[in-house]
Amino acid sequence: MGKVTPLKLAVLVSGGGSNLQAIIDACKASDYPAEIVLVFSNQLDAGGLDRGRTAGIRTEAISHKGYAGGREAYDTAVSALIEETGADLVVLAGYLRLVSTSFVQRWQGRLINIHPSLLPSFKGLHVHQAALDAGVKFTGCTVHYVVPEVDSGPIIAQAVVPVLPGDDAGTLAQRILKQEHRIYPQVIRWIAEGRVSTNDAGI
Ligand code: GRF
């Protein structure tokens, strides 16, 4: 049996890129059905870019600061770059920049995000502190398709994490990140294997 053509991934990061690293590591397995063709960042000094370079992946960065034409023009440039690589799936991995509606529409059904809460609870930023402030006993992380509304869209997978006595935002974030690193590569595998239906998901 011939090897299945791997799903091509464009991974978009703004920070340290530990989720990117989990995906890079997953891709090393010979039976993993995906490969990263682009690591992109809106932050020129993002640690994720170094991770991409170290792994021998094409990395690109365009600063959004002062970009002529604003968000739409910026996202058009990012889309062009992604298209150039032939990516099948756009993976937001700590991409701390709102994407425009036209970007979402361009990649609809082929654009996923990970968020460190059990959506629809705790959308937006500072979610670990928000979970602590709310006194929830369990929180977690969510992988979902991206729609124009932030941190919404059909949920593909979630992992549940306990909130423990004495937790602060940092300890809770670390516990959740461990699960993020587990479920994000898993979801990408499922998508590559055709086990996630965007029709069923309503988009
Ligand atoms: C993760 O918690 C992710 O869920 C959130 O931003 C963080 C990124 O971490 N959107 P990293 O850059 O992957 O280490």
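Residues numbered from 1 in each chain as written. Predicted model: local features only at pLDDT ≥ 70, side-chain atom pairs only at ≥ 80, totals over all residues. Heavy atoms only, no water.

Trainee: I tried to follow the layout of surface pockets on my own but got confused; where do I start?
Mentor: One simple way to see leftover space: roll a probe sized like a water molecule over the atoms. Approximately 830 Å³ is the volume attributed to the largest pocket. Taken together, 34 residues make up the lining of the largest pocket; nearest its centre are Gly94, Tyr95, Leu96, Ile114 and His115. Every element with two or more residues in the lining of the largest pocket is listed here: α1 (18–27), β5 (111–115), α5 (127–134) and α6 (169–192). In terms of residue class, the lining of the largest pocket is made up of 17 nonpolar, 13 polar and four charged. (1 Å grid on protein atoms, 1.4 Å probe; cavity = no way out; pocket = protein on both sides within 12 Å on 5 of 7 lines; lining within 4 Å. Points joined across faces, edges and corners; volume = space filled by probe spheres on them. Helix = DSSP H or I, 4+ residues; strand = E, 2+ residues; numbered from the N terminus. Nonpolar A, V, L, I, M, F, W, Y, C, P; charged D, E, K, R; others polar.)

Trainee: Looking at this model, I keep getting lost on the sheet that holds strand β6 (residues 138–145). Mind explaining?
Mentor: Whether parallel or antiparallel, the strands of a sheet pair through hydrogen bonds between backbone atoms. Spatially, seven strands are ordered β3-β2-β1-β4-β5-β6-β7 in an open sheet, and the strand pairing comes out mixed. Since the sheet does not close on itself, it has two edges, and those belong to β3 (59–61) and β7 (155–162), each with one partner. This sheet shows a mean twist of 20° between the axes of neighbouring strands, independent of strand direction. As paired strands, β6 and β7 are joined by seven bridges and run antiparallel to one another. (Pairing = 2+ DSSP bridges. Axes fitted to C-alpha atoms, helices over the stretch in contact; angles between N-to-C directions.)

Trainee: Would you mind going over the pairing of β5 with me for this structure?
Mentor: Along any regular strand the residues' side chains alternate between the sheet's two faces. Among the five residues that make up β5, five are buried, leaving the element largely enclosed by the rest of the structure. The alternating pattern of β5 places Leu111, Asn113 and His115 and Ile112 and Ile114 on opposite faces, both of which are buried. Examined bridge by bridge, strand β4 (residues 89–92) and β5 share three bridges and lie parallel to one another. Bridge pairing in β5 places Val90 opposite Leu111. (Buried < 20%, exposed > 50% of the residue type's maximum accessible area, 1.4 Å probe, protein only.)

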